[in-house]
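Residues per chain are reported as follows:
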Amino acid sequence: MWSMTGYGKGTFEEEGVELTCEMKTVNNRYLDVTVKAPRIFSAYEEIIRTKVREKMTRGHVDLFISFKDKREKDTALTIDMAVASSYVAAAKQMKEAFPDLMDDITLSSVLRYPDVLKQDDVQTLDETLINALYSALEQALENLNAMRLIEGEKLQADMLARVDTIETLVGQIEKRAPKIAQEHKDKIFARVQEYLNGANIDEGRILTEVAVFADKSNIDEELTRLHSHVAQFREICKEGVVGRKLDFLVQEFNREANTTCSKSNDVEITKLGLALKNEIEKIREQVQNIE
């Protein structure tokens, strides 16, 4: 079982290249991958997303890539013609305003003016950088999944403990349920006797009413399904990617718990049912973290 929340980091440091991949994941209904990387890796963003999809099926992923290239590389000189033209035009204006001043403007002097000549490193995505990217990304994914697995095991232990509590509550409801019809019958007899002051009681009619009440308040099917859901939950937890299955199963738990509370017509069962719904809700919250 995997949690959707985690963090993983991978690094590559060889041949003058230092590259780092960091991944953070949070809950999401579907898999959503956001890549934040230098422009030099733009062409590889879809490949990066594909590699993430191979390791994950759900969750929002923020992936950050940074690097330093300390290798010797070629440099390129570029001239900002707009800036150079501005300097030359300004010099001409000054010449017109001060004709007596000596004009010493030359190409060499213009090149020395600030921001006219720019030096850029020629950065290319070579095999070393590509290998660095793949290595750091794979390491980050492994570390991320290691954390997600640990968190998933904790979530599983918590949910299975709550499932045990649910099973106990269902057992208590099962013990209480058969007594409801008899208690209802006793209450009716007591009230009728009180109203009739010892007159003859139509027991057959009372038994009919009790039978109707017992049929309406019968929750055997709901309890049977709850036991089945408990067994299914434990089996599903043995699988790997189980988030959607458990999400659906928890909805079924809720449906049966609601029906049990509405049909029981008994204060004690209602209290047990509310405790049951409380445990189911806590499981539902945990399931939202499961891939």
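Going by the structure above, here's the rest.
The structure displayed is predicted, hence computed values, not measured ones. (Residues numbered from 1 in each chain as written. Predicted model: local features only at pLDDT ≥ 70, side-chain atom pairs only at ≥ 80, totals over all residues. Heavy atoms only, no water.)

Asks: Lay out helix α7 (residues 243–264) in plain terms, naming residues and giving numbers.
Replies: The terminal C-alpha atoms of α7, which comprises 22 residues, lie 32 Å apart, in line with the 32 Å expected from a rise of 1.5 Å per residue. Residues of α7 that are buried: G243, L246, L249, V250, E252, F253, N254, E256, A257, T260, C261 and S264. Just downstream of α7 lies N265, where phi reads positive at about 55 degrees. (Helix = DSSP H or I, 4+ residues; strand = E, 2+ residues; numbered from the N terminus. Expected span 1.5 Å × (residues − 1). Buried < 20%, exposed > 50% of the residue type's maximum accessible area, 1.4 Å probe, protein only.)

Asks: How would you explain the environment of M56 if you had to name every residue and give the values?
Replies: Checked against the element boundaries, M56 lands in the loop between α1 (45–53) and β4 (59–69). Note on M56: relative accessible area 2%, which makes it buried. Spatially, the C-alpha atom of M56 lies 9.2 Å from that of V241, the residues being 185 residues apart in sequence. Residues within four places of M56 in sequence aside, it is in contact with T25, L31, V61, L144, N145, R148 and E291. (Contact = heavy atoms within 4.5 Å.)

Asks: Outline helix α6 (residues 220–236), listing residues and values.
Replies: End to end, α6 covers 24 Å across 17 residues, agreeing with the expected 24 Å (1.5 Å per residue, within 8%). Among all positions of α6, only E222, L223, L226, H229, V230, F233 and I236 are buried. Looking straight down α6, one finds its buried side chains confined to an arc of 145 degrees; they lie on one side. The exposed set on the far side of α6, more than 90 degrees from its buried face, consists of E221 and T224. (Arc of directions from axis to C-beta.)

Asks: Report on the environment of V163, specifying residues and quantitative values.
Replies: Positionally, V163 belongs in helix α4 (residues 127–196). As for V163 and E279, which are separated by 116 residues in sequence, their C-alpha atoms are 7.9 Å apart. In this structure V163 touches V230, F233, R234 and I283, once residues within four positions along its chain are discounted.

Asks: How would you explain the pairing of strand β1 (residues 6–14) if you had to name every residue and give the values?
Replies: Across nine bridges, β1 lies against strand β2 (residues 17–26) in antiparallel orientation. Counted as the bridge partner of G6 is T25 from β2. Following β1, the chain reverses through two residues before pairing antiparallel with β2; E15 in that reversal takes a positive phi of roughly 55 degrees. (Pairing = 2+ DSSP bridges.)

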